[in-house]
Amino acid sequence: MKDTIKQSLQKAIGKLYPEAAEVQFVVDYAPDNVDADFASNAAMVLGKRLGLKPVELAVLLKEKLDQEDADFEVFAVEPGFLNFKLPKEHWYKELGQILKSGVKYGESKIYKGQKARVEYVSANPTGPIHIGNARGGPYGEVICKVLEAGGYKVLREYIHNDIGGQVEKLGATMWYWYKKLLGEEMPFPEGGYQGEYPKEVAEAAIKKLGKGLAEKALPKLTDFALKYIFEENLQTLADLGIKFDVIVKESDLHTSGKTEKAIEELKAKKLTVEKDGAIWFVPNDEFLEDREAVIVKSNGQTTYFASDIAYHKEKFTSGYDLVIDVFGSNHHGHVPKLQALTKIYGFPPEHFQVLLYQYVRVKKGQEVVKMSKRAGNFVTAREVLEEVGRDSMIFLLLLTAVNTHVDFDLDLAKDTSEKNPVFRVQYAHARINSIFVKARVSASKLGQADLKHLQTREELGLMRTLAKYPELVAGISESFAIHQLPHYLLGLADGFHSFYEKIHVINAEDEKLTDARLALVKAVQTVLANGLQLLSIKPLEKM
RNA sequence: GGCCUUGUAGCUCAAUGGAUAGAGCAGCGGCCUUCUAAGCCGCGGAUGUAGGUUCGAUUCCUACCAAGGUCACCA
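Rules and cut-offs
The residue count restarts for each chain, going from 1 along the sequence in the order it is written. Think of it this way: whatever chain is written first is A, whatever ligand is written first is 1, and the rest follow in order. At least 70 in pLDDT is required for a residue's local features to be given in this predicted model, at least 80 for side-chain atom pairs to be given and counted, and no such filter applies to totals for whole chains, interfaces and linings, which use all residues. Put simply, DSSP marks the helices as runs of H or I at least four residues long and the strands as runs of E at least two long, and each gets a number from the N terminus on. We call a residue exposed when 12 or fewer other C-beta atoms sit within 10 Å of its C-beta, buried when the count reaches 20 or more, and partly exposed for counts in between; the C-beta positions come from the backbone. Axis lines are fitted to C-alpha atoms, over the contacting stretch for helices. Their N-to-C directions set the angle, which ranges from 0 to 180 degrees. Throughout, the term roughly parallel applies to angles under 35 degrees, roughly antiparallel to angles over 145, roughly perpendicular to angles from 65 to 115, and oblique to all others. Less than a right angle of anticlockwise turn of the near helix away from the far helix marks a crossing as left-handed, whereas a clockwise turn marks it as right-handed. Residues are treated as contacting if the C-beta atoms built from their backbones sit within 7 Å of each other. Charged means Asp, Glu, Lys or Arg here, nonpolar means Ala, Val, Leu, Ile, Met, Phe, Trp, Tyr, Cys or Pro, and polar covers whatever is left, Gly included. Two strands pair under a simple rule: DSSP has to find at least two bridges between them. Each residue gets a C-beta atom placed from its backbone. Should that atom fall within 6 Å of a molecule or strand, the residue is termed near it. Each residue after the first adds 1.5 Å to the expected span of a helix. Taken from the helix axis, the directions to the C-beta atoms give the arc we talk about.

Caption draft 1: Broad picture of unusual backbone geometry. The amide bond that connects Glu 78 to the next residue, Pro 79, takes the cis arrangement and shows omega of -5°. By the element assignment, Pro 79 lies in the loop between strand 3 (73–77) and strand 4 (81–85). Even without glycine at this site, Asp 276 takes up a positive phi of about 55°. Here Asp 276 shows up in the loop between strand 8 (272–275) and strand 9 (278–281). Under the C-beta neighbour-count criterion, Asp 276 is labelled exposed, with 8 such atoms within 10 Å.

Caption draft 2: Examining the packing of helix 20 (residues 484–502) against helix 21 (residues 511–534) more closely. Axis separation between helix 20 and helix 21 bottoms out at 10 Å; the angle between their running directions is 155°. Here helix 20 is positioned roughly antiparallel relative to helix 21, judged by the angle of their axes. The chirality of how helix 20 crosses helix 21 is left-handed. Residue-level contacts link Leu 485, Tyr 488, Leu 489, Leu 492, Ala 493 and Phe 496 of helix 20 to Val 524, Val 527, Leu 528, Gly 531, Leu 532 and Leu 534 of helix 21. When grouped by side-chain class, the residues that make up the contact of helix 20 with helix 21 number 11 nonpolar, one polar and no charged.

Caption draft 3: Main features of the sheet that holds strand 5 (residues 115–119). Pairing is parallel across the open sheet formed by five strands, whose spatial order is 7-6-5-11-12. A strand with exactly one partner marks an edge of an open sheet, and here the two such strands are strand 7 (246–249) and strand 12 (352–357). Between one strand axis and the next, the sheet turns through 25° on average, direction left out of account. Taken together, the five bridges between strand 5 and strand 6 (residues 153–160) define a ladder with parallel strand orientation. Each residue of the ladder has a partner; that of Val 118, found in strand 6, is Arg 156. Running over the sheet, helix 5 (residues 136–149) touches strand 5, strand 6, strand 11 (322–328) and strand 12 and is turned about 160° from strand 11.

Caption draft 4: Fine view of the protein's contact with RNA strand B. Taken together, 70 residues lie near RNA strand B, and Val 26, Ala 39, Gly 164, Asp 276 and Ser 434 sit nearest. Broken down by element, the residue count for the surface near RNA strand B peaks at eight residues, all from helix 16 (residues 422–439).

Caption draft 5: Region of interest: helix 20. Along its 19 residues, helix 20 runs 27 Å from first to last C-alpha, staying within 8% of the 27 Å computed at 1.5 Å per residue. Residues of helix 20 that are buried: Leu 485, Pro 486, Leu 489, Leu 492, Ala 493, Phe 496 and Phe 499. For helix 20, the angular spread of buried residues about the axis comes to 145°, placing them on one side. Projecting away from the buried face of helix 20 at angles above 90 degrees are the exposed residues Glu 501 and Lys 502. Where helix 20 is buried, its residues meet helix 5, helix 14 (390–398), helix 16, helix 18 (457–467), helix 19 (469–479) and helix 21.

In structure tokens:
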């Protein structure tokens with residue numbers, strides 16, 4: 001409908017002012033305090049262009065549009081907005097569409113036939129996922145689901161950094177605890193992982209591997225710890241509704257020779273230089289400018305970035321239309337290096353998106369908790385999950401834009417969980433369910449309801465909100481502003497609760513009105529359920 | 001010091017350059033003999049500072065102040 005209005009306006013402007021036919025203007029939903037469905041700033045931008053008064057232009061445009069016999073009413077108002085009011089039939093039609101589409105309402109075919117691969121979480125296997133970086137899980141998952149709703153086929157991937165310096169430090173820490181638990185004192189390794197957690201893993205190792213490990217069996221102990229921690233993290237993610245299609249092991253990139261091969265290719269393309277005994281990546285393009293990065297250390301070992309080159313080579317050359325990396329904002333310095341790879345592997349840079357999220361900051365009362373795995377001082381994602389519950393946790397993490405620094409007060413966590421806005425959404429869904437339990441109507445009957453009986457302001461308001469859902473989902477698949485989804489659901493739930501207090505759905509004296517209202521609340525329930533599904537939150541039948 | 005992100009109500013957060021800056025929590029006052037009071041209705045209260053661009057700025061630009069992050073032959 002927006003497009004129809006926009007075209008009509010475009011036409012009117014073209015006729016009245018051909019010299020300004022190309023001006024860019026917006027048609028969008030009118031704000032709630034305005035008695036209209038859509039609004040446009042066309043007269044204002046036109047006024048700027050022509051040096052004329054916006055209000056007068058708005059009136060002229062309105063008159064022009066009135067001659068066109070379009071199926072909407074136009075109003076010109078101060079300071080120069082054009083407002084559009086649609087006949088109720090438009091909203092009835094949209095409502096019918098929701099009932100017809102059901103679980104598919106909100107899906108589209110914009111990206112039909114295209115493939116996307118999305119990497120997210122990829123937590124280091126040196127400790128449990130903490131709440132600071134837990135944001136990436138639900139965030140990445142919603143992005144995948146939203147892309148799927150737009151028609152993409154999505155590959156969910158995770159890279160397991162199972163080799164390198166941090167893994168060696170984990171091994172050293174494990175050895176310390178292994179010996180200590182068996183009664184042998186030794187100095188704590190430099191740069192080892194503090195806190196209780198490594199000790200717990202060591203206890204599990206003793207149970208599993210026995211007490212007789214010699215020092216040369218250290219790789220075995222390290223391997224045990226890696227697997228233990230990794231599986232625990234995957235379980236936490238699974239409990240949040242996240243499952244990966246592909247786990248890429250950094251060690252595999254190595255043993256398969258992919259890392260080595262990628263380095264050789266870069267050398268052959270003269271994109272490397274040797275300096276101080278190390279080999280540096282030097283693409284000299286607009287992304288990395290004159291910065292450089294080590295890929296092979298002077299001791300001959302490759303760096304993590306070398307593996308990442310091999311990994312991204314695979315991402316960029318595997319026939320995908322869209323490649324997304326979801327990282328914590330602390331990796332932002334890594335982004336230009338990855339962008340530089342797109343050109344090398346012939347992948348359109350604009351189809352490679354690195355989405356950064358700010359870490360959640362944890363407070364205990366007034367005090368900020370510094371989160372560090374190394375210092376052993378962190379709040380785990382699992383702790384929060386168990387404390388506040390899955391639905392509340394997901395909703396809390398997703399309610400804010402990912403580039404804001406959220407404060408998460410752990411002392412209030414449980415309290416918050418009971419007052420979590422997610423329950424307003426769940427409650428709306430459950431309330432509608434109980435209406436249907438009482439009404440006992442079949443779904444087929446709803447499709448035949450005469451929607452013209454929906455006349456009140458509350459009913460029309462709900463229909464308008466419902467109709468925004470598909471373009472919301474489509475918009476998020478481009479903006480990745482997923483916090484808009486929970487906000488929308490809250491708005492819809494509030495609209496419903498308000499409606500529910502004022503209007504009784506089941507009316508014993510008017511069966512036709514009852515049927516129409518049942519159709520309306522069914523549509524509300526459908527959209528609530530569809531939206532919650534995108535968030536990996538299960539809609540509740542009862543509270 | 002360079003770079004990235006952020007500063008909105010007592011607290012936690014919204015607001016494609018537009019109309020009266022919205023919610024929740026906390027506070028105060030109301031509403032259950034009718035489909036679930038985890039709800040509804042009402043009341044107070046906010047754009048870090050100083051400039052600039054614009055018909056119009058929370059939004060864009062500059063400077064400053066403040067918070068978090070990042071500047072490895074770590075990952």
